[in-house]
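Take a look at the letters that make up each chain.
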Amino acid sequence: GAVVSQHPSRVICKSGTSVKIECRSLDFQATTMFWYRQFPKKSLMLMATSNEGSKATYEQGVEKDKFLINHASLTLSTLTVTSAHPEDSSFYICSARNGRNEQFFGPGTRLTVL
Amino acid sequence: AQSVSQHNHHVILSEAASLELGCNYSYGGTVNLFWYVQYPGQHLQLLLKYFSGDPLVKGIKGFEAEFIKSKFSFNLRKPSVQWSDTAEYFCAVINQAGTALIFGKGTTLSVSS
């Protein structure tokens, strides 16, 4: 099956710093990638849809200036959490969609903001 | 707004018991439905999907789901669970714009040997 990787898998940072998370589709090209946030015992919450070569589409309530998304190529999307605060601590998951409208998920990145 | 509800938050079964996890969606038009599984410490994996055609969909690892349009349901079933089926199960639907997945809150399945 299709493989999606995320890097880093775990990151701890100080409040006020910025953190970049990478999402890569390893064996297929993804014109569309998605960024989700997963809270403990909660479902995945879609944050934004990332389209290669264009601006991301953010869901209601998600601050686009805080969560910067760049989809520079067909295999890479990045999420940058700017000026991170403790409440941004969460599990961030990306997914990539193939030509058959199937989504494949990355392993997630655990962000802890001190 | 489109939504997905999963009625069972935590299901506990013994090995060999039959499983049925409920999933209902809110949108009445054409739907694409999915079940994903997340094993402990692992990422989400697709179990099965329904786009069109036969409403009884068979997936991996012996799972199946039935799309019942009149009930807005897409319940997941397995006739005999194994200890290795212990995981979190998520039902999802593609949103009306066809651009993203909407997830239910998930059901935790615990299978005792």
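Preceding block: the structure.
Trainee: Please give an account of the overall build of chain B that cites residues and values.
Mentor: Within chain B one finds zero helices and 12 strands. Scanning chain B from its N terminus toward the C terminus, one meets helices and strands in the order β-β-β-β-β-β-β-β-β-β-β-β. Against the 2.2 N^0.38 benchmark of 13 Å for 113 residues, chain B shows a C-alpha radius of gyration of 13 Å, consistent with a compact globule. Taken over the C-alpha atoms alone, chain B extends approximately 40 × 25 × 20 Å along its principal axes.

Trainee: Could you give me a rundown of the sheet that holds strand S1 (residues 4-7) of chain A, with the residues and numbers involved?
Mentor: All names here are of chain A. Spatially, four strands are ordered S1-S3-S8-S7 in an open sheet, and the strand pairing comes out antiparallel. Each edge of the open sheet is held by one strand with a lone partner, namely S1 and strand S7 (67-73). Between one strand axis and the next, the sheet turns by 15° as a mean value, whatever way the strands run. Sheet analysis places S1 next to strand S3 (residues 19-25), joined by four bridges and oriented antiparallel. Residue Ser 5 lies in a different strand from S3, and its bridge partner there is Arg 24.

Trainee: Explain the interface of chain B and chain A to me, and be specific about the residues and the numbers.
Mentor: The interface is formed by 17 residues belonging to chain B together with 16 residues belonging to chain A. When the two sides are added together, the surface that chain B and chain A hide from each other amounts to roughly 1,400 Å², 55% of it contributed by carbon and sulfur. The largest contributions to the chain B side of the interface with chain A come from His 43, Leu 44 and Phe 103 of chain B, which together make up 28% of the buried area. At the boundary of chain B with chain A, the tally comes to one salt bridge. Among the salt bridges present, the one from Glu 102 of chain A reaches Lys 49 of chain B, with a minimum N-O distance of 2.8 Å. The interface formed by chain B and chain A contains three residue pairs in polar contact (both at pLDDT 80 or more). Those elements giving two or more residues to the side of chain B that touches chain A turn out to be strand S5 (33-38), strand S10 (87-94) and strand S11 (101-103) of chain B.

How each quantity is defined
Residues numbered from 1 in each chain as written. Chains lettered and ligands numbered in written order. Predicted model: local features only at pLDDT ≥ 70, side-chain atom pairs only at ≥ 80, totals over all residues. Heavy atoms only, no water. Helix = DSSP H or I, 4+ residues; strand = E, 2+ residues; numbered from the N terminus. Rg over C-alpha atoms; globule rule 2.2 N^0.38 Å. Pairing = 2+ DSSP bridges. Axes fitted to C-alpha atoms, helices over the stretch in contact; angles between N-to-C directions. Contact = heavy atoms within 4.5 Å. Buried area = accessible area lost by both parts, 1.4 Å probe. Salt bridge = Lys/Arg side-chain N within 4 Å of Asp/Glu carboxyl O. Polar contact = N/O pair within 3.5 Å; in protein donor to acceptor, adjacent residues only side chain to side chain.

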